[in-house]
Amino acid sequence: MRILGKILYKPFFLPHSGLEALTPVLGSLLLLLITVALMGAVVVSFNSVSGEENFQSPVAKITLESCRGGLYGVGPTAERVRLEENRIVLIHEGGSSLPIDAVSIRIYGYGNSYQGIPGYGGNSIKGDLSVSYLDMSSQGKNPKYMALNGAVLENGFWDVGEKLILCGQDSSVNAIDSSVKVSVNGVGNTSDNYGFKEGSEITLKVIDTKSRIVLAEQRAVVKHVEGKN
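Residues numbered from 1 in each chain as written. Predicted model: local features only at pLDDT ≥ 70, side-chain atom pairs only at ≥ 80, totals over all residues. Heavy atoms only, no water.

When its secondary structure is counted, the protein shows four helices and eleven strands. Residues counted as buried form 37% of the 229 residues belonging to the protein. Total accessible area on the protein stands at roughly 14,000 Å², and carbon and sulfur atoms take up 59% of it. (Helix = DSSP H or I, 4+ residues; strand = E, 2+ residues; numbered from the N terminus. Buried < 20%, exposed > 50% of the residue type's maximum accessible area, 1.4 Å probe, protein only. Areas by Shrake-Rupley, 256 points an atom, 1.4 Å probe, with all protein chains shown as cover.)

With 34 residues, the main nonpolar core has I105, I107 and L166 as its most contacted residues. In this view, L166 contacts N86, R87, I88, L90, I105, I107, Y133, M136, Y194 and L204; residues no more than four positions away in its chain are not counted. (Core = buried A, V, L, I, M, F, W, Y, C linked by side-chain atoms within 4.5 Å. Contact = heavy atoms within 4.5 Å.)

All right, on to the sheet that holds strand β2 (residues 87-95) then. Pairing within the open sheet is antiparallel, and its three strands lie in the order β1-β2-β7. Every interior strand has two partners, whereas the edge strands, β1 (60-68) and β7 (163-167), have only one. Shown here is a sheet whose adjacent strand axes are inclined to one another by a mean of 20 degrees, direction ignored. Pairing of β2 with β7, which is carried by five bridges, proceeds in the antiparallel orientation. In the sheet register, L90 faces β7, and the bridge partner there is L164. (Pairing = 2+ DSSP bridges. Axes fitted to C-alpha atoms, helices over the stretch in contact; angles between N-to-C directions.)

With that settled, consider the pairing of strand β4 (residues 103-116). Direction of pairing for β4 relative to strand β10 (residues 201-208): antiparallel, over a ladder of six bridges. Across the sheet, the residue bridging to I105 is V206, located in β10. Pairing between β4 and strand β5 (residues 122-133): twelve bridges, direction antiparallel. Among the inter-strand pairings, S113 is bridged to a residue of β5, identified as I125. Bridge count for β4 against strand β9 (residues 195-196) is two bridges, and the pairing is antiparallel. The partner of N112 across the bridge, within β9, is G195.

A few words now on the packing of aromatic side chains. For the structure shown, the criterion picks out one aromatic pair. In this arrangement the basic side chain of K141 is found over the ring face of Y145, its NZ or CZ atom lying 5.2 Å from the centre. (Phe/Tyr/Trp six-rings, centres within 6.5 Å; stacked < 30°, edge-to-face > 60°. Lys NZ or Arg CZ within 6 Å of the ring centre and 35° of its normal.)

So, about the pairing of β2. Bridge count for β1 against β2 is eight bridges, and the pairing is antiparallel. Paired with C67 across the bridge in β2 is I88.

With that settled, consider a nonpolar patch on the surface. On the surface, a cluster of nonpolar side chains totalling about 410 Å² of accessible area is made up of L30, L31, I34 and L38. Tracing the backbone shows L30 in helix α2 (residues 16-54). Residue L30 is classed as exposed on the basis of its relative accessible area of 52%. (Patch = residues over 30% accessible without salt bridge, like charges linked within 9 Å, V, L, I, M, F, W, Y side chains within 5 Å. Salt bridge = Lys/Arg side-chain N within 4 Å of Asp/Glu carboxyl O.)

As far as function goes, none of this settles anything; it's purely spatial.
Written out as structure tokens, the structure reads:
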């Protein structure tokens, strides 16, 4: 019994050779865990990059074909330029079809706008003009905008070869909130109509609203309205 007790209570130790055999196994397991972790990180990174690629902004060539107009309500009656005679024509010459509700346009130059309701009291203010089309859909626009741009608005995309015509009277009528915003010298409480001074230069930017990337930037000199003396 004494011999059995000694055997039962004898401390258990692995032989040195056993430790040597176990060390490579532990090392292999550790390397396997590190490899799996690294592979997981690579997969996550790849998915993130792929996701970003799916949301890349479109690429399109937009050309400012013409810009005509002038300050409205200024000068002799026979020579005055009306709001609707301020027109900017843009043409899509190549690249991606642009969803019109995801495209905005910014125009900067010297011109005038109106405080109050044109024809019903108020006053014209002129200076550094900033015009913002929040999107190019028919929402918040004057019905004349829809009449001028029916081909583009029909399917909701600005396709290659199609023209988009901007007019100084594109802002909405009545109580509808306009998607055309106009400020003069930083003052934004205008009727959101506009006219750019003849002979001055404007800068126009076409922007993808999802990525906020500028798709095109054009400059042009405002030319005389056709048919005016």
